[in-house]
Amino acid sequence: MTHGLIKSMTLALAAAAFAPLASAQEVTLKVHFFLPATSFANTLFIQPWCERIAKESNQRMKCQTYPSMQLGGTPPQLFEQARDGVADVVWTLPGYTAGRFPSVEVFELPFMMQNPEATSKALWDYVEKYAPAEFKDVKPLAFHVHGDGVFHMTNKPVRTAADLKGLKLRAPTRMTNKFMALLGATPVSMPVPQVGDALSKGVIDGAVVPYEVVPSVKIQELVKFHSETDPAEPAFYTSTFIFAMNKAKYESLPADLKKVIDHNSGQALSGLIGKAFLQADAEGKKLTAKNTTNVIPKAELENWKKLGQPLTDAWIADMNAKGHNGKEMLDGARALIAKHAAGK
């Protein structure tokens, strides 16, 4: 056997030995979400996250994003898609599957949230302490909330609860729907992508969403009035979100790529997303400049707080019936929000 042949055989064997290793190191994550690629959620949070994991893995782990439900299904099915491996990573709202994640609904009670960055960090800590079992089927990468909810109305502004009487209003979650009913509106539940069509056809008289959603749905073109609540007061509602990974996909990663995911998940990422949504609100609000905006004052909101109290009482009772200590969980959520708001 010639020296050249031995050398080429050795190289071939070496290449064969390392080929599986090399291919195993190349990972593409299918990232699925319900808003368009142009949405602030994508440009300010999902894409930057993808860029970070690509950079930190020396381009060995990359995202293939599928905005606007391009992998099929509906927004309420995203959690299952992460669980079942239809997608590797999803961004969705636990509230889209009403009643399935009752523990985190405490953050969706009226007047819980004032700062999305602090409240998002608190939400991560809260899930770790009180509700890990609810999300055991996926690997959570982050939990977060959005900024203050705003009323976007087609024909008249909201100044008092009386202005909502008899109006059909889109709300995102079970808690917000119940709160809208207590305020006198007729709640209509639907995911964000359906809001534009419902407004344009007059199916609803308005929608409660943060300003961040405005460009995704072109809300500024479909309504004339935007009614905010006093910024010194906690938001009248917020929604909880989860950024989650398929467990098997995570477990299949080599140790160094797991480390990259771990470095880009958790409480810090949760706070980062909350902060990005605050920035997105400021950008979305700019688009509404030609419309009329008003602020619902603190005195009126005090009335709303009283109207909303039965929701909080019912949530505590529901948790107690499920074998938890509802009051302790509510107090725990509030304490975590206050702690992070104080920068501790």
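For the structure itself, consult the block above.
Small disclaimer: the values here were computed from a predicted structure and weren't measured.

Novice: Hey, could you go over the pattern of salt bridges for me, with residue numbers and the actual values?
Specialist: Within this structure, the stated rule accounts for 15 salt bridges. In this structure, Asp197 and Lys201 form a salt bridge, with 3.2 Å as the shortest nitrogen-oxygen distance. By relative accessible area, Asp197 is classed as partly exposed at 43%. Lys201 gets classed as exposed once you look at its relative accessible area, which sits at 61%.

Novice: Outline the state of the cysteines, supporting the account with residue identities and numerical values.
Specialist: Enumeration according to the criterion identifies one disulfide in this entry. Shown here is the disulfide that connects Cys50 with Cys63, its sulfur atoms set 2.3 Å apart. Residues Cys50 and Cys63 are joined by a disulfide whose S-S torsion is about -95°; by sign, that bridge is left-handed. Here Cys50, found in helix α2 (residues 40-56), pairs with Cys63, found in strand β2 (residues 61-66); they are 13 residues apart in sequence, far enough to count as distant.

Novice: Lay out the sheet that holds strand β8 (residues 206-209) with the relevant residues and their values.
Specialist: A sheet is described by the order of its strands in space; here six strands give the open sequence β7-β6-β8-β5-β9-β11, paired in mixed fashion. Across the chains shown, the open sheet's two edge strands, defined by having one partner strand only, are β7 (186-189) and β11 (292-296). Strand after strand, the sheet turns through a mean of 25° between neighbouring axes, direction not considered. Two strands pair when backbone bridges link them, and strand β6 (residues 168-171) and β7 are joined in this way by four bridges, in the parallel orientation. Along β7, the bridge assignment pairs Leu169 with Pro187. Along the sheet face, helix α5 (residues 174-182) touches β5 (150-153), β6, β7 and β8 and points at about 160° away from the line of β7.

Novice: Can you break down the packing of aromatic side chains residue by residue, with the values?
Specialist: All chains considered together, the criterion is met by 20 aromatic pairs. Seen from their ring centres, Phe236 and Trp304 are 6.2 Å apart, and the 90° between their planes marks the pair as edge-to-face. Here Trp304 lies in helix α12 (residues 298-321) and Phe236 lies in the loop between β9 (225-229) and β10 (240-245), a separation of 68 residues in the sequence. Exposure class is identical for Phe236 and Trp304. Each is buried. Look at Phe241 and Phe277: their rings are 5.9 Å apart centre to centre, the planes differ by 45°, and that puts the pair in the tilted class. Here Phe241 is found in strand β10, whereas its partner Phe277 is found in helix α11 (residues 267-286), with 36 residues between them in sequence.

Novice: Please provide a residue-by-residue account of the sheet that holds strand β3 (residues 89-92), values included.
Specialist: Spatial strand order, β2-β1-β3-β10-β4: five strands in an open sheet with mixed pairing. Either end of the sheet is taken by a strand with one partner, and the two such strands are β2 and β4 (139-145). Here the average twist between neighbouring strands, direction ignored, is 20°. In terms of strand pairing, β3 meets β10 through four bridges, oriented antiparallel. In the strand pairing of β10, Trp91 is matched with Phe243. Sitting on the sheet, α2 touches β1 (27-33), β2, β3, β4 and β10, and the angle it makes with β2 is about 155°.

Novice: Got a sec to walk through the side chain of Asn294? Specific residues and values, please.
Specialist: Within the secondary structure, Asn294 sits in strand β11. A distance of 3.0 Å separates the side chain of Asn294 from the backbone oxygen of Val158, its partner in a polar contact. Dropping the residues within four chain positions of it, Asn294 is found in contact with Pro157, Val158, Arg159, His226, Ser227 and Glu228.

The rules behind the values
Residues numbered from 1 in each chain as written. Predicted model: local features only at pLDDT ≥ 70, side-chain atom pairs only at ≥ 80, totals over all residues. Heavy atoms only, no water. Salt bridge = Lys/Arg side-chain N within 4 Å of Asp/Glu carboxyl O. Buried < 20%, exposed > 50% of the residue type's maximum accessible area, 1.4 Å probe, protein only. Disulfide = S-S within 2.5 Å. Helix = DSSP H or I, 4+ residues; strand = E, 2+ residues; numbered from the N terminus. Pairing = 2+ DSSP bridges. Axes fitted to C-alpha atoms, helices over the stretch in contact; angles between N-to-C directions. Contact = heavy atoms within 4.5 Å. Phe/Tyr/Trp six-rings, centres within 6.5 Å; stacked < 30°, edge-to-face > 60°. Polar contact = N/O pair within 3.5 Å; in protein donor to acceptor, adjacent residues only side chain to side chain.

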